[in-house]
Amino acid sequence: MTMLQIDSLSKHFTLHLRGGLELPVLKQVSLEVQAGECVALLGASGQGKSTLMKCLYGSYGADSGAIWFDASAGRIDIAQATPQQMLALRRKDIAYVSQFLRAVPRVPALDVVAERWLQARPELDADEAQDEAREEVRRLFARLHLPESLWDLPPATFSGGEQQRVNIARGFIEPARLLLLDEPTASLDAANRRVVIELIHQARAAGTAIVGIFHDEEVRDAVASRCVPVH
Ligand SMILES: Nc1ncnc2c1ncn2[C@@H]1O[C@H](COP(=O)(O)OP(=O)(O)O)[C@@H](O)[C@H]1O
Ligand SMILES: [Mg+2]
């Protein structure tokens, strides 16, 4: 089943500090991703891989082209979606593990992740379901070897690798239809890289379509069903 169909997507940036110079980044990118597939984006630094991911997440608009996505509520063109539609998609259908965690200050790591689990279940009473959500998160944190002493602390002061694991937990706690992974293992040790590889295999088996950037070739070989150059 085709989960994502990108048709001739183009995007440029205007560099205002350089006299309005136009920098074309995505030039008619087309790509189809099936449910259960993991497509690895290839290309040197600066080729537009992260920009493409941000277009798929609706953070950037496009100049032209379409991003057809098979959302749970029906097919939608992400390139044309309203901010409200995009927020609804992010609540359940699309997960994004970015290179950097942008956590809300003062929210404990457990709740940063539990929030996503709860958001995907609007039918539950958030207060009543809180314990169950936290229990799910504790299991995943333990699997990712995140020290238990950190679980109740806000991630702002965590190390890069610890923040990345909170980010990964948030991306995987709830199976999404589309999962975007931007360098998910960049700051992880070998044991945790293996956990992420397992999590990706599980997500694929559950039918998630994955688009990822993996500089680590070993990880890429282990998870990708296909590699696609971005240029
Ligand atoms: N918000 C932005 N404004 C202006 N230029 C940008 C912006 N984001 C990225 N770029 C430029 O677009 C190009 C592609 O960037 P990026 O998508 O981050 O590449 P990659 O992830 O492949 O390394 C780079 O030349 C980068 O400098
Ligand atoms: Mg990048």
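Named according to an unreviewed UniProt entry, the chain is Phosphonate C-P lyase system protein PhnL originating from Piscinibacter gummiphilus. What the UniProt record of the chain gives under Sequence similarities (unreviewed entry) is the line "Belongs to the ABC transporter superfamily."

**Student:** Describe the site of ligand 1, listing the residues and the values that go with them.
**Tutor:** Close contacts around ligand 1 come from 13 residues, with Gly46, Gly48, Lys49, Ser50 and Thr51 the closest. Contact between ligand 1 and Gly48: an oxygen atom at 3.0 Å from a main-chain N or O atom of the residue. Contact distances for ligand 1 include 2.8 Å between an oxygen atom and a side-chain N or O atom of Lys49. Starting from 560 Å² of accessible surface for ligand 1 in isolation, the protein chains cover 63%.

**Student:** Can you tell me about the domain arrangement of the chain, naming the residues and giving the values?
**Tutor:** Under the domain assignment used here, the chain contains domain 1 (2-93 + 176-229) and domain 2 (104-162). Computed from C-alpha coordinates alone, the two centres of domain 1 and domain 2 are separated by 24 Å. A buried area of about 900 Å², summed over both sides, lies between domain 1 and domain 2, and 49% of it is on carbon and sulfur atoms. Among the residues domain 1 hides against domain 2, the three largest losses belong to Arg91, Asn192 and Val195. Together they make up 42% of the total. The shortest N-O distance in the salt bridge between Glu198 and Arg143 comes to 3.2 Å. On inspection of domain 1 and its partner domain 2, the count reaches 5 residue pairs in polar contact (both at pLDDT 80 or more). Put simply, the parts of the chain that give the side of domain 1 that touches domain 2 at least two residues each are helix H2 (83-92) and helix H6 (190-205).

Calculation notes
Residues numbered from 1 in each chain as written. Chains lettered and ligands numbered in written order. Predicted model: local features only at pLDDT ≥ 70, side-chain atom pairs only at ≥ 80, totals over all residues. Heavy atoms only, no water. UniProt positions renumbered as here; feature names shortened; annotations may be inferred. Near = heavy atom within 4 Å. Polar contact = N/O pair within 3.5 Å; in protein donor to acceptor, adjacent residues only side chain to side chain. Areas by Shrake-Rupley, 256 points an atom, 1.4 Å probe, with all protein chains shown as cover. Domains from an automatic or database assignment. Buried area = accessible area lost by both parts, 1.4 Å probe. Salt bridge = Lys/Arg side-chain N within 4 Å of Asp/Glu carboxyl O. Helix = DSSP H or I, 4+ residues; strand = E, 2+ residues; numbered from the N terminus.

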